[in-house]
Amino acid sequence: MGSGKSTVGALVAERLGVVYRDTDADIVAAEGREIADIFVDEGEPYFRERERAAVRAAVATHPGVLALGGGAILDEGTRALLRGLPVVYLSMDVDEAVRRVGLNTARPLLAVNPRKQWRELMGARRHLYEEVARAVVATDDRTPEEVAEAVLDALELKTANPGGRPPGPRPEDPMASQVTRIHVGGTAGTEPYEVLVGRQLLGELGGLIGDAAKRVAVIHPEALAETGEALRQDLADQGYEAVAVQVPNAEEAKTAEVAAYCWKALGQSGFTRTDVIVGVGGGATTDVAGFVAASWLRGVRWIAVPTTVLGMVDAAVGGKTGINTAEGKNLVGAFHPPAGVLCDLAALDSLPVHDYVSGLAEIIKAGFIADPAILDLIEADPEAARTPAGPHTAELIERSIQVKAEVVSGDLKESGLREILNYGHTLAHAIEKNERYKWRHGAAVAVGMHFAAELGRLAGRLDDATADRHRTVLESVGLPLSYRYDQWPKLLETMKVDKKSRGDLLRFIVLDGLAKPTVLEGPDPAVLLAAYGEVAD
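Criteria and thresholds
Along each chain, residue indices are assigned from 1 in the same order as the chain's sequence is written. The predicted nature of this model means local features are confined to residues of pLDDT at least 70 and side-chain atom pairs, given and counted, to a pLDDT of 80 or more, with totals for whole chains, interfaces and linings taken over all residues. Side-chain calculation: all heavy atoms of the structure are included, whereas hydrogens and water are not. In this text, helices come from DSSP runs of H or I with a minimum length of four residues, and strands from runs of E with a minimum of two, each type numbered from the N-terminal end. Using a 1.4 Å probe on the protein chains alone, a residue whose accessible area is under 20% of its type maximum counts as buried, one over 50% counts as exposed, and one in between counts as partly exposed. What the arc describes is the spread of directions from the helix axis to the C-beta atoms. Contacts were defined at the residue level, with two residues in contact if any of their heavy atoms lie within 4.5 Å. Identification of polar contacts relies on pairs of N or O atoms within 3.5 Å, with a donor-acceptor requirement for protein atoms, meaning one able to donate a hydrogen and the other able to accept it, and with residues adjacent in sequence counted only if both atoms are side-chain atoms. With axes taken as lines fitted to C-alpha atoms, and helix axes fitted only over the stretch in contact, angles between N-to-C directions fall between 0 and 180 degrees. Note on angle classes: values under 35 degrees are labelled roughly parallel, values over 145 roughly antiparallel, values of 65 to 115 roughly perpendicular, and the remainder oblique. Handedness of a helix crossing follows the sense of rotation of the near helix relative to the far helix, less than a right angle counterclockwise being left-handed and clockwise being right-handed. In this count, Pro and Cys sit with the nonpolar residues alongside Ala, Val, Leu, Ile, Met, Phe, Trp and Tyr, while Asp, Glu, Lys and Arg are called charged and the others, Gly among them, polar. When a carboxyl oxygen of Asp or Glu is within 4 Å of a side-chain nitrogen of Lys or Arg, the pair counts as a salt bridge.

## Some remarks on unusual backbone geometry
For Q200, which is not a glycine, the phi torsion comes out positive at approximately 60°. The topology assignment puts Q200 in the loop between β6 (193-198) and α9 (205-209). Given the relative accessible area of 10%, Q200 is considered buried. One non-glycine residue, R436, lies in the positive phi region at around 55°. For R436, the position within the fold is in the loop between α18 (425-434) and α19 (441-458).

## Quick notes on the environment of T307
With respect to the element layout, T307 can be found in the loop between β10 (301-306) and α13 (309-315). The sequence separation of T307 and G281 amounts to 26 residues, and the corresponding C-alpha distance is 5.0 Å.

## Focus on helix α2 (residues 23-31)
The complete set of buried residues in α2 reads T23, I27 and V28. Projection of α2 onto a plane perpendicular to its axis shows the buried side chains occupying an angular sector of 145°, all on one side. The inward-facing, buried residues of α2 abut β1 (20-22), α3 (35-42), α4 (44-61) and β2 (65-67). Here α2 starts with a cap whose side-chain oxygen sits 2.8 Å from the backbone nitrogen of D24, and that cap is D22.

## Things to note about the packing of α19 against helix α20 (residues 464-476)
For any two helices packed against each other, one specifies the crossing angle of their axes together with the interaxial distance. At their nearest, the axes of α19 and α20 sit 9 Å apart, and the two run at 165° to each other. With respect to their mutual orientation, α19 and α20 come out roughly antiparallel. Considering the relative orientation of α19 and α20, their crossing is left-handed. Along the contact surface, α19 presents A446, M449, H450, A453 and R457, while α20 presents D464, A467, D468, H470, R471 and L474. Here the residues of the contact of α19 with α20 sort into 5 nonpolar, 2 polar and 4 charged.

## Comments concerning the pattern of salt bridges
By the definition in use, this model includes 40 salt bridges. Linking R48 and E44 is a salt bridge whose minimum nitrogen-to-oxygen distance equals 3.1 Å. Remark: E44 and R48 occur in helix α4; sequence separation between them is 4 residues, near one turn of the helix. The structure contains a network of salt bridges with shared partners spanning E31, R33, D41, E42 and R50.

## Thoughts on the environment of V300
Summarising the element assignment, V300 is placed in the loop between α12 (283-295) and β10. C-alpha separation for the pair V300 and P338, spaced 38 residues apart in sequence, amounts to 9.5 Å. Beyond its immediate stretch of four places on either side in the chain, V300 contacts T272, R273, D275, I277, A293 and H336.

So this is what it looks like as structure tokens:
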């Protein structure tokens, strides 16, 4: 698993001028479902029986290059079929394997603790691979093209099409996985860092932690207990003194009591200034993990591993950390940028639809304040935008992160430009407090943006077409547009202590036009009420 046999197999077939075939693909086609689903629904014995039949059929009828699933070799009958055939075993070490595969739920045998499980699998299989292989080709530190050439050389095969252009690798191939690196510049004495977006990113974590750290604390929510423990065990296997610190789910984690609990765990673990915190989870988890990192010993390094859309495009990028108080959201916090951010898109595959859609509010915000191409992509296919399987998921997330990266690189501490990232958030935070943080953040931001659009229109700043576009885009993906009319007095009082307020002067981010954010200071109370009347029910 993860050796790149699908990519390499296709390349070898191209060079030889023959057809490529994959028994895993044969099984998926016959069953009408993915292999991970077969494991879950029917169990491994059922899958192995289907695999045996697929291999027998392919070996008997296929004249070209054939790739077998990693566990096919366990069957004695399959090994007998392969004896005497030109079989190649593509090998790699455990670190390379985990880097390529990571916490990819599509690989059921490596879903919990990949490093430990990989070693166990290879302990049971390696001698069987070597038993039937005519040649062993190492894949570590080699490109797919280099591996393909090594296979041809090892088997002494002549290529029929040496200059031919190989077919494009399938997106699910580990060796074909693309990683986008978005640079966030350092300001005010902070170091620059990178946000990585892609799949199979687990292998990047050790490099970000570095050799200076002796201890690592993995802060995770209750809902991700297995993932937190898997990361802890993986880091322990790499030689770190790793502890897992479980915090409550969502906004319940962002309290002084939870922060104190984390500080206690760090103290009991002997955490020093060279040690590292890893925050894995949604935006609330990375907020509290970053705040704990900022406050422990006046600042230790931390790494964000966001697992939600909201966490990836907003909370984990930019260095804002914080907790809530009874008086409002994020009123206690610090600017403390991470050492790196790993946005593994595979984490979104199992995200509940309401949580996924909630995160789209921050993506839509980025479209209105800076990158209208985001809006175009969503409007072209709103239903596809509602699911991580949509064709533009990676691009939407990358574009949104790029918007935030460019803003925070020039203004870390919200002294000017960074305020535009709060578009829709002034009312949103008031709604969240009023709902005792039971509303999803993205839902509140959607209502807040609708309000900001109407406020901009009534203040003579925003044209009708762009204001109306807020309603249509937000509604098209299923985000809410309104809140209770009778709550306006409470909301107004809460907004007066918003972070953007100056004394008694209320300040809102509005638009002068598409991608033209600006500050509206001290709007007439009658205009505020009229704007709220447009979004209230």
